[in-house]
Amino acid sequence: MTSIQTSKFNVYNKIAAFLLIYALSFKGLTRLLKAVSDFTSAFTDLKKLLPVSTKQPSMPITLTKNEIFESMINQVLSLANRAYLFASDYSNNILLETFHVEVYNFHNVAEPAKILLAKNILEALNANSAALIADYDITALELTTLGDDITLAQNLIAAPSANISTNKAANDAIVVGFSIVDAKFQLLEKAIFGKFKSGPAANQTLINNFDYAKLLSNTTLHTKLIATLKDIDGNDIEGGIASILIGKETKEAKSDILGVAEIDEFHGGTYHVTFSAPGFISQSKTIKFTQGKVTTITIILLKV
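Residues numbered from 1 in each chain as written. Predicted model: local features only at pLDDT ≥ 70, side-chain atom pairs only at ≥ 80, totals over all residues. Heavy atoms only, no water.

Considering the overall build of the protein
Scanning the protein from N- to C-terminus turns up 9 helices and 7 strands. Out of the 304 residues in the protein, the part that is buried amounts to 42%. Taking contacts inside the protein between residues at least 6 apart in sequence as the whole, the part at least 24 apart equals 67%. Accessible surface, the protein: about 16400 Å² in total, of which carbon and sulfur atoms supply 56%. (Helix = DSSP H or I, 4+ residues; strand = E, 2+ residues; numbered from the N terminus. Buried < 20%, exposed > 50% of the residue type's maximum accessible area, 1.4 Å probe, protein only. Contact = heavy atoms within 4.5 Å. Areas by Shrake-Rupley, 256 points an atom, 1.4 Å probe, with all protein chains shown as cover.)

Structure below.
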């Protein structure tokens, strides 16, 4: 596949995970369910056309992947249990549902579905981080660590082999397959937006997760860091600094009004990364960057 096709395939995987998680929300919606079925069928047909790698991942890589997913799930369960008390104390039914998660929720579902579920819970945790840190025995470091593990797990999900076939007919069929899935996705998007973006059944959380799922995967020719700096109240920190020590060189970027700092064009590897901002305690982390991939991270800085 081309890099664009690989990126699109990753989007389709995330959409499939989203549809699985929100299946109950779509129950009884005849035309929306048809759009779901049409998209799923087209995606299934596309996967049959794609080249399959003959290489199997080595055992150490598999173990690392399993360990990272296990760590992510364990952290989600630990934090969600404590946050459930917060939701109960404030009689927040939406958060009660969000934080009511058990280990079986992660069983027998695809890896993208596990990541999307973890992201949904982390989003709710970060949105209420001030109260959770103050009164519910949750630390800023725990939230940051969960975000790191989610990013690592997401980066370890490999798309199908990108080997380019020499068979023109096969490549043409793949192009057609992608165009069919694109067309079905457009109808699916209309159906979901039409029902849940506005009107009596509006569901902003569902829409936010759908918007996340449909973002093109972070495929780039350069290794890149995208860091979002926030305080414990969830406010974006403008003017903060993210810096990476690469050998004798330091690459750095200043966070914008949304708290986002981006560092681009460096070789993959494991580096010391420091996050700082005036009036806040600096935080240093050791981060492994995969060549040609984008690493996203949310950092919560505590005031001095």
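Quick notes on the side chain of Glu-189
Tracing the sequence through the fold places Glu-189 in helix α8 (residues 168–196). A polar contact is formed between the side chain of Glu-189 and the side chain of Lys-214, at a distance of 2.6 Å. In this view, Glu-189 contacts Phe-210 and Lys-214; residues no more than four positions away in its chain are not counted. (Polar contact = N/O pair within 3.5 Å; in protein donor to acceptor, adjacent residues only side chain to side chain.)

A short note on the pairing of strand β7 (residues 294–300)
Burial of β7 is extensive: 5 of the 7 residues sit out of reach of the surface. Here strand β1 (residues 223–230) runs beside β7; their pairing, made up of 7 bridges, is parallel. Its bridge partner being in β7, Ile-226 is matched across the sheet by Thr-296. (Pairing = 2+ DSSP bridges.)

What to know about the pairing of strand β3 (residues 249–254)
The pairing of strand β2 (residues 241–246) with β3 spans 6 bridges and is classified as antiparallel. Following the sheet pairing, Leu-245 is matched in β3 by Thr-250. Where β2 folds back on β3, the antiparallel hairpin that results is connected by 2 residues, among which Gly-247 adopts a positive phi of roughly 65 degrees.

Thoughts on helix α2 (residues 30–49)
Relative to the 28 Å expected for 20 residues at 1.5 Å per residue, α2 spans 29 Å between its end C-alpha atoms, a close match to the ideal helical length. The set of residues buried in α2 consists of Leu-32, Ala-35, Val-36, Phe-39, Ala-42, Phe-43 and Leu-46. End-on view of α2: buried residues confined to an arc of 135 degrees, all on one side of the axis. Residues of α2 that are exposed and angled more than 90 degrees away from the buried face: Thr-30 and Lys-48. (Expected span 1.5 Å × (residues − 1). Arc of directions from axis to C-beta.)

A word on the pattern of salt bridges
What the rule picks out here adds up to 8 salt bridges. A salt bridge links Glu-262 to Lys-224; its shortest N-O distance comes to 2.9 Å. Placement of the pair is Glu-262 in strand β4 (residues 260–266) and Lys-224 in strand β1, with a sequence separation of 38 residues. The network of salt bridges with common partners includes Glu-189, Asp-211 and Lys-214. (Salt bridge = Lys/Arg side-chain N within 4 Å of Asp/Glu carboxyl O.)

Structural notes on the sheet that holds β3
What the 4 strands build is an open sheet, ordered β3-β2-β5-β6; its pairing is antiparallel. Edge positions in the open sheet fall to β3 and β6 (283–289), since each of these has one partner strand only. In this sheet, adjacent strand axes meet at a mean angle of 25 degrees when their direction is disregarded. Note that β2 and strand β5 (residues 269–276) share 5 bridges and pair antiparallel. From the neighbouring strand, Ser-243 faces β5, where its bridge partner is Thr-274. (Axes fitted to C-alpha atoms, helices over the stretch in contact; angles between N-to-C directions.)

Concerning the sheet that holds β1
Spatial strand order, β4-β1-β7: 3 strands in an open sheet with mixed pairing. One side of each edge strand has no neighbouring strand; the edge strands of this open sheet are β4 and β7. On average, each strand axis in the sheet is inclined to that of its neighbour by 15 degrees, with strand direction left out of account.

Note that every value here comes from positions in space, so none of it alone points to a role or purpose.
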